[in-house]
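Observations on the model geometry
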Amino acid sequence: MKIDVLLGLQWGDEGKGKVVDVLTPRYDAVARFQGGPNAGHTLEFEGKKYVLRSIPSGIFQHGQVNIIGNGVVLDPVLFQEEAESLEKSGIALKEILKISKKVHLIMPTHRLLDAANEKAKGGAKIGTTGKGIGPTYTDKISRNGLRLGDVFHDFKTKYTNARNKHIATLKSMGENPEFEELEQRWLKAIEYIKGYDIVDSEYLINSLLREGKSILCEGAQGTLLDVDFGSYPFVTSSNTICAGACSGLGVAPNKIGEVFGIFKAYCTRVGSGPFPTELFDETGKRIRDLGHEYGAVTGRERRCGWIDLVALKYSIMINGVTQLIMMKSDVLDDFDEIKACVAYKINGEETTQFPFSIDENAIEPVYVTLPGWKTDMTRFKSESEFPQAFSDYIKFLEKELETPITIISIGPDREQTIERNK
Ligand code: GDP
Ligand code: IMO
Ligand code: MG
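Quick notes on the rules
Residues numbered from 1 in each chain as written. Chains lettered and ligands numbered in written order. Predicted model: local features only at pLDDT ≥ 70, side-chain atom pairs only at ≥ 80, totals over all residues. Heavy atoms only, no water. Near = heavy atom within 4 Å. Polar contact = N/O pair within 3.5 Å; in protein donor to acceptor, adjacent residues only side chain to side chain. Areas by Shrake-Rupley, 256 points an atom, 1.4 Å probe, with all protein chains shown as cover. Helix = DSSP H or I, 4+ residues; strand = E, 2+ residues; numbered from the N terminus. Nonpolar A, V, L, I, M, F, W, Y, C, P; charged D, E, K, R; others polar. Salt bridge = Lys/Arg side-chain N within 4 Å of Asp/Glu carboxyl O. Buried < 20%, exposed > 50% of the residue type's maximum accessible area, 1.4 Å probe, protein only. Pairing = 2+ DSSP bridges. Core = buried A, V, L, I, M, F, W, Y, C linked by side-chain atoms within 4.5 Å. Phe/Tyr/Trp six-rings, centres within 6.5 Å; stacked < 30°, edge-to-face > 60°. Lys NZ or Arg CZ within 6 Å of the ring centre and 35° of its normal. Donors = N, O, S within 2.8 Å, 3.2 Å for Na, K, Ca; no water.

What to know about the site of ligand 1
- Surrounding ligand 1, one finds 19 residues, the nearest of these being Gly15, Lys16, Thr42, Asp330 and Ser409.
- At 2.8 Å from an oxygen atom of ligand 1 is found a main-chain nitrogen or oxygen belonging to glycine 15.
- In the environment of ligand 1, an oxygen atom lies 2.9 Å from a nitrogen or oxygen atom belonging to the backbone of glycine 17.
- Here ligand 1 loses 93% of its free accessible area of 590 Å² to cover by the protein chains.
- Elements that contribute at least two residues to the shell around ligand 1 include exactly helix 1 (16-23) and strand 3 (41-45).
- Class assignment for the residues of the shell around ligand 1 results in four nonpolar, seven polar and eight charged.

So this is what it looks like as C-alpha cells:
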C-alpha cells in the first residue's frame, strides 16, 4: 500500500483539518508528520466545532489509528489540555492515539526563548505563534533536543541540562526567566503523556502498509511556510512539504501515493512576511469578514488577498500534487468579480517563477479578472448544481495549474463538501 499526503499549498489555514476529517473514513490510519501546536485545525460537524493543535484530525470518525509521527514537536501541557477536552467529549483517545518516541518535546523554556527571539528581532519579528516551535526544532537540529522516549531514560538529568542551557541563553539576552509554576505543570503533563501508547511509529506505519492498510498524512502549516522553500525567513521551522512526510514518519519516497494539495479560493497569511497579492482595501476586509479570517490558535487577524497562481504552481511543483482541493469558495459567492494573479512584474519584467527574494514592494501582481458566480452555493450537494460562471472559474484554475480539482468545499461543515468526477 501507498501512503497519501494532504497538505496546504499557501501560508496555512487552508482548511486541512476539515478535509482530513472528511477523507478519514477511506483510511485505516491518519498521521501528523511535522509542526506542533502552532497548528490550529478546525472541524465542524453535527453543530459542533473542534480545534485540534497536536492531535491528528482523524479522531472523530470510526476508530482509525491516529499517529503523531517523529517529525512533530509536542508540548506536553497543551497536549494534555487538548486530549482531556477530547476525552470529555467522548473520544476514546488512549485507544486510538499512538505517539512516536522520537517526537521532540517543547519545554517551558522553549516558549520563553521563542518570545525572547521575537523581542530581539524587533521590527523584523516573524510573528510566530509563540508556542516554542523555532527553539525546539533548533535544539533538534543542533542535537540538544529532548525526545518523548527520553522520559523513560534518565529524564530528569536530560531535562535539567537542557533547561539550564536555555536559562543561560535567556540571561545572555537580558531576560530574567521565571517559570517554576509552568515547569511543575509541564512535569505533571509528562506523567500524563506516559499513559499513552508511546511507540516506534516508523515500524508501526511500515507494518500497517505491509498489511495492506491505507494511511493519510495530515500536513500542518503550508508550503509557503516551509523552512526550505517558503518565504524565508518568515517561515516556520519544519519541512511542511510532501518530503516532510517521509522524514517525519519514516516512510520511503516510493511509498507516497496521492498528494492532495489544499488551497483557498483566495489567499491568507498570519504573522509577518511578504504576501504579494495582499489587499489593504475594502475587498480585503470583506474577505476577512465573510471568511471569518481570524487565527484558530492566536485569534489574530489573518491578512487577506487574491489567489496567487504563481505561488500555487510553485507549491504544486515542490510537492508533486496529484489532486487539488479548493476551499472556501463560498466566501466569494457574492462577489461581482474575482481576480487571480497569473504572473509577477518585477522591475518591469514579468515572471511566473516564485522569486528567491519575495520583496512584495518590488512585486506587482499581474491579474486576470473573472466574473463572479453570484450564487449562494453553501447548500449545494453536487457538481451538477454549479452555476456556469463557477464551472468556468474551476476550468480556468485547472488549466492554469495543470492539475485536477477533485474536491470543492463550500462551507465549514463536514457535509459542505462536493466531490467532482475526475
Ligand atoms: P487548517 O489549519 O488548514 O486546518 O485551517 P483552519 O482550521 O485554521 O482554518 C480554516 C477555517 O475555515 C476554519 O475556521 C474552518 O472551519 C473554515 N472552513 C473550512 N472550509 C471552509 C469552507 O469551505 N468555507 C468556509 N466558509 N469556511 C471553511
Ligand atoms: P495550520 O496548520 C498559519 C505562521 C506564524 C508565523 C510563522 C512562524 O493551522 O495551517 P511558528 O510559531 O511556527 O514559529 O510561526 O508561521 N504559522 C501559521 N500560519 N497556519 C498555521 O498552521 C501556522 N503555523 C505557523 O503565524 O508567521
Ligand atoms: Mg489553522
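So, next bit.
Brief notes about the pattern of salt bridges
- Counted under the stated rule, the structure contains 28 salt bridges.
- Taking the shortest distance from any N to any O, the salt bridge between arginine 26 and glutamate 419 comes out at 2.2 Å. Of the two residues, arginine 26 sits in the loop between helix 1 and strand 2 (29-32) while glutamate 419 sits in strand 20 (residues 417-419), which places them 393 residues apart along the sequence.
- Taking relative accessible area as the criterion, arginine 26 reaches 46% and is therefore assigned partly exposed.

Considering the pairing of strand 19 (residues 405-409)
- Within strand 19, five of the five residues are buried, leaving the element largely enclosed by the surrounding structure.
- Sheet topology note: the strand 15 (residues 323-327)/strand 19 ladder contains three bridges and is parallel. By the bridge assignment, methionine 326 is partnered in strand 19 with isoleucine 408.

Thoughts on the nonpolar core
- By size, the foremost hydrophobic cluster in this structure holds 55 residues, and its most contacted members are Ile3, Leu309, Met326, Phe390, Tyr393 and Leu397.
- Of the residues forming this core, the biggest block, six residues, is contributed by helix 12 (residues 388-401).
- Ranked by size, the runner-up nonpolar core spans 38 residues in total, among them Phe60, Phe79, Leu105 and Trp186.

Considering the pairing of strand 3
- Alternating residues of strand 3 divide into His41, Leu43 and Phe45, all buried, and Thr42 and Glu44, none buried.
- In this sheet, strand 4 (residues 48-52) lies alongside strand 3 in antiparallel orientation, the contact comprising five bridges. Bridge pairing links phenylalanine 45 to lysine 48 in strand 4.
- Hairpin connection between strand 3 and strand 4: a loop of two residues separates the two successive antiparallel strands, and glutamate 46 in this loop has a positive phi of roughly 45°.

Overview of the packing of aromatic side chains
- This structure, assessed with the given rule, holds 16 aromatic pairs.
- Here phenylalanine 386 and phenylalanine 390 contribute two aromatic rings whose centre-to-centre distance is 4.9 Å and whose plane-to-plane angle is 80°, an arrangement assigned as edge-to-face. The pair phenylalanine 386 / phenylalanine 390 is uniform in exposure class, with both members buried.
- Judged by centre distance (6.5 Å) and plane angle (50°), the ring pair of phenylalanine 390 and tyrosine 393 falls under tilted. Of the two residues, phenylalanine 390 and tyrosine 393 are both situated in helix 12; the distance of three residues between them amounts to about one turn of the helix.
- One cation-aromatic arrangement involves arginine 286 over phenylalanine 335; the distance from NZ or CZ to the ring centre is 4.1 Å.

Remarks on the coordination of the magnesium ion (ligand 3)
- Protein-derived coordination of the magnesium ion (ligand 3) comes from Asp13 (OD) and Gly40 (O), at a distance range of 2.0 to 2.2 Å. Residue aspartate 13 is located in the loop between strand 1 (3-8) and helix 1, and its partner glycine 40 is located in the loop between strand 2 and strand 3; the two are separated by 27 residues in the primary sequence.
- The class of glycine 40 is buried, set by a relative accessible area of 11%.

Just distances and angles here, no functional claims.
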